[in-house]
Amino acid sequence: MTTFVEREALKGCWYPVARSNSVTDAPHAVRLLGEDLVIWRDHHDALVVAPDRCPHREAPLSIGSVEGGVLTCAYHGWGFGADGTCVGVPSSGPNATIPPTAHLSCRKAEERYGLIWVCPGEPTMSIPDIGQENDPAFRRINTPVDAWATSTPRLVDNFMDFSHFPWVHTGTFGGAQDPFVPKIELSQLDDVFFGYQYEVEAANPDEAIAVSGSEEDTVHRVMTTGFALPFAVRSTIRYADGLEHILLLLSTPVDDVNSMFTFVVWRNDDHSTDTEEIIAFDLAIGAEDKVMLEQVPGTLTMSRTGVVNVQSDKPSVEWRRRFAEFVGFTE
Ligand code: FES
Ligand SMILES: [Fe+2]
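Predicted model only: the values in this text are computed from it and were never measured.

Asker: With reference to specific residues and values, describe the layout of surface pockets.
Answerer: Take a probe with the size of a water molecule and roll it over the atoms, and the empty space left behind shows itself. In this structure, the largest pocket occupies an estimated 330 Å³ of space. Around the largest pocket sit 17 residues that line it, and R154, D157, N158, D161 and L293 are the ones nearest its centre. Looking at the lining of the largest pocket, the elements with two or more residues in it are α1 (152-159), α4 (275-293) and α5 (314-327). Tallied by class, the residues present in the lining of the largest pocket amount to eight nonpolar, four polar and five charged.

Asker: So what about the sheet that holds strand β9 (residues 108-112)? Which residues, and what values?
Answerer: Across the sheet, three strands lie side by side as β1-β10-β9; this open sheet has antiparallel pairing. If you trace the sheet from one side to the other, it starts and ends with β1 (15-19) and β9, each paired once. Within the sheet, the average angular offset between the axes of one strand and its neighbour, ignoring direction, is 30°. Direction of pairing for β9 relative to strand β10 (residues 115-119): antiparallel, over a ladder of five bridges. From the neighbouring strand, K108 faces β10, where its bridge partner is C119.

Asker: Account for the coordination of the iron ion (ligand 2), naming residues and giving values.
Answerer: Distances from the iron ion (ligand 2) to its protein donors, H164 (NE2), H169 (NE2), D289 (OD) and D289 (OD), fall within 2.1 to 2.5 Å. Taken together, the four donor atoms coordinating the iron ion (ligand 2) span angles of 56 to 147° at the metal, a pattern that classifies the geometry as irregular. Site description for the iron ion (ligand 2): donor spacing in sequence, H-x4-H-x119-D. Side by side, H164 and H169 carry an identical accessibility label, which is buried.

Asker: An account of the sheet that holds strand β6 (residues 70-72) is needed here, citing residue identities and associated values.
Answerer: In space, the four strands of this open sheet follow the order β5-β6-β7-β8, with antiparallel pairing throughout. A single partner strand is all that each edge strand has here, and the edge strands are β5 (65-67) and β8 (86-88). Here strand β7 (residues 79-80) runs beside β8; their pairing, made up of two bridges, is antiparallel. Looking across to β8, one finds that F80 is bridged to C86.

Asker: Residues and numbers for unusual backbone geometry, please.
Answerer: The amide bond that connects L229 to the next residue, P230, takes the cis arrangement and shows omega of 0°. Mapped onto the elements, P230 comes out in the loop between β15 (218-228) and β16 (232-239). Even without glycine at this site, D83 takes up a positive phi of about 60°. Inspection of the secondary structure assignment puts D83 in the loop between β7 and β8. With phi around 65°, H271 is a residue other than glycine that occupies positive phi space.

Asker: Quick one: what's the story with the packing of aromatic side chains, residue by residue and with numbers?
Answerer: In total, this model carries 17 aromatic pairs according to the counting rule given. Connected via pairs of aromatic rings, a cluster forms that spans F4, Y15, F231, W319 and F323. R7 extends its terminal NZ or CZ atom over the ring of F329, reaching a point 3.9 Å from the ring centre. Across from the ring centre of F173, 4.9 Å away, lies the NZ or CZ of R221, which sits over that ring.

Asker: An account of a negative patch on the surface is needed here, citing residue identities and associated values.
Answerer: Together, D206, E207, E215, E216 and D217 give the surface a local cluster of negative charge. Here D206 is to be found in the loop between β14 (194-203) and α3 (209-212). On the accessibility criterion, D206 (64% relative accessible area) is exposed.

So, how was this worked out
- Residues numbered from 1 in each chain as written.
- Chains lettered and ligands numbered in written order.
- Predicted model: local features only at pLDDT ≥ 70, side-chain atom pairs only at ≥ 80, totals over all residues.
- Heavy atoms only, no water.
- 1 Å grid on protein atoms, 1.4 Å probe; cavity = no way out; pocket = protein on both sides within 12 Å on 5 of 7 lines; lining within 4 Å.
- Points joined across faces, edges and corners; volume = space filled by probe spheres on them.
- Helix = DSSP H or I, 4+ residues; strand = E, 2+ residues; numbered from the N terminus.
- Nonpolar A, V, L, I, M, F, W, Y, C, P; charged D, E, K, R; others polar.
- Pairing = 2+ DSSP bridges.
- Axes fitted to C-alpha atoms, helices over the stretch in contact; angles between N-to-C directions.
- Donors = N, O, S within 2.8 Å, 3.2 Å for Na, K, Ca; no water.
- Tetrahedral: all angles 85-135°; square planar, octahedral: opposite > 155°, others 65-115°.
- Buried < 20%, exposed > 50% of the residue type's maximum accessible area, 1.4 Å probe, protein only.
- Phe/Tyr/Trp six-rings, centres within 6.5 Å; stacked < 30°, edge-to-face > 60°.
- Lys NZ or Arg CZ within 6 Å of the ring centre and 35° of its normal.
- Patch = residues over 30% accessible without salt bridge, like charges linked within 9 Å, V, L, I, M, F, W, Y side chains within 5 Å.
- Areas by Shrake-Rupley, 256 points an atom, 1.4 Å probe, with all protein chains shown as cover.
- Salt bridge = Lys/Arg side-chain N within 4 Å of Asp/Glu carboxyl O.
- Lys, Arg positive; Asp, Glu negative; His and termini not counted.
- Charge placed at Lys NZ, Arg CZ, Asp CG, Glu CD.

Structure, rendered in structure tokens:
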């Protein structure tokens, strides 16, 4: 049986795997859809993404070193340059013919929103467009790419769901929320994201003042949350004073039961608050989700009858329905 990460359709999608600033002058190892990859920058600073396996005797290339844009394998010193081209086999001397099979077969890579995105196959989807990236009223704040011991569909299911807020997020913003979830209407939010709008009363503890810009005990948030297949979720938060806080929640499958997670924030504030202070509250919220999700075993079933759904699950059920169709799961 095909495991979740072996689904062919997933190979045509883009996945954020690292912060742009985390790949500088050394090889960087990541695991994506069950495949180990190495990333480095060539002499023009262009990204090279290749299987983390030397074609000579299969040493991980990520334990090698990079100089002048050439990655040197740690085992016998073969060198690999731009586009994964093998540029040197020391044991054969400087004028030797390089075997054509010595070149690496590279994956496609792009840099957007301060992140390195990789597409393992021929791209069939685009990186979701976030208009605020080019809007001078907004600043972008990046956060670390973190390892979560949970299946990626569980992350997306969680981000599309707000009925867990008053249970999981009592240590941050969830304590003031009514657990009752009114009927949810889903719609196309823009060209990219499909989701819903809702309003919540959010607790506003001292740690949240920097992010909400308010000193009240609770703040009224108008929110929209939507997904773009396969795994991107965008949550926008609008406060009464016009402050907008946009979160792009990005989950990447490492394998069937492990993920990378990062989020990117765009805000139209006056830049007076330090970025670290802004993201500290969102990081604390993410840590609450992580504690919960890492205790839920296995992958999320794609079967509609495999778990029980109620009305508040409508958004995550719709994501799951479209995702299952996209990757070709049949019940
Ligand atoms: S294993 Fe890489 S050079 Fe031999
Ligand atoms: Fe959450």
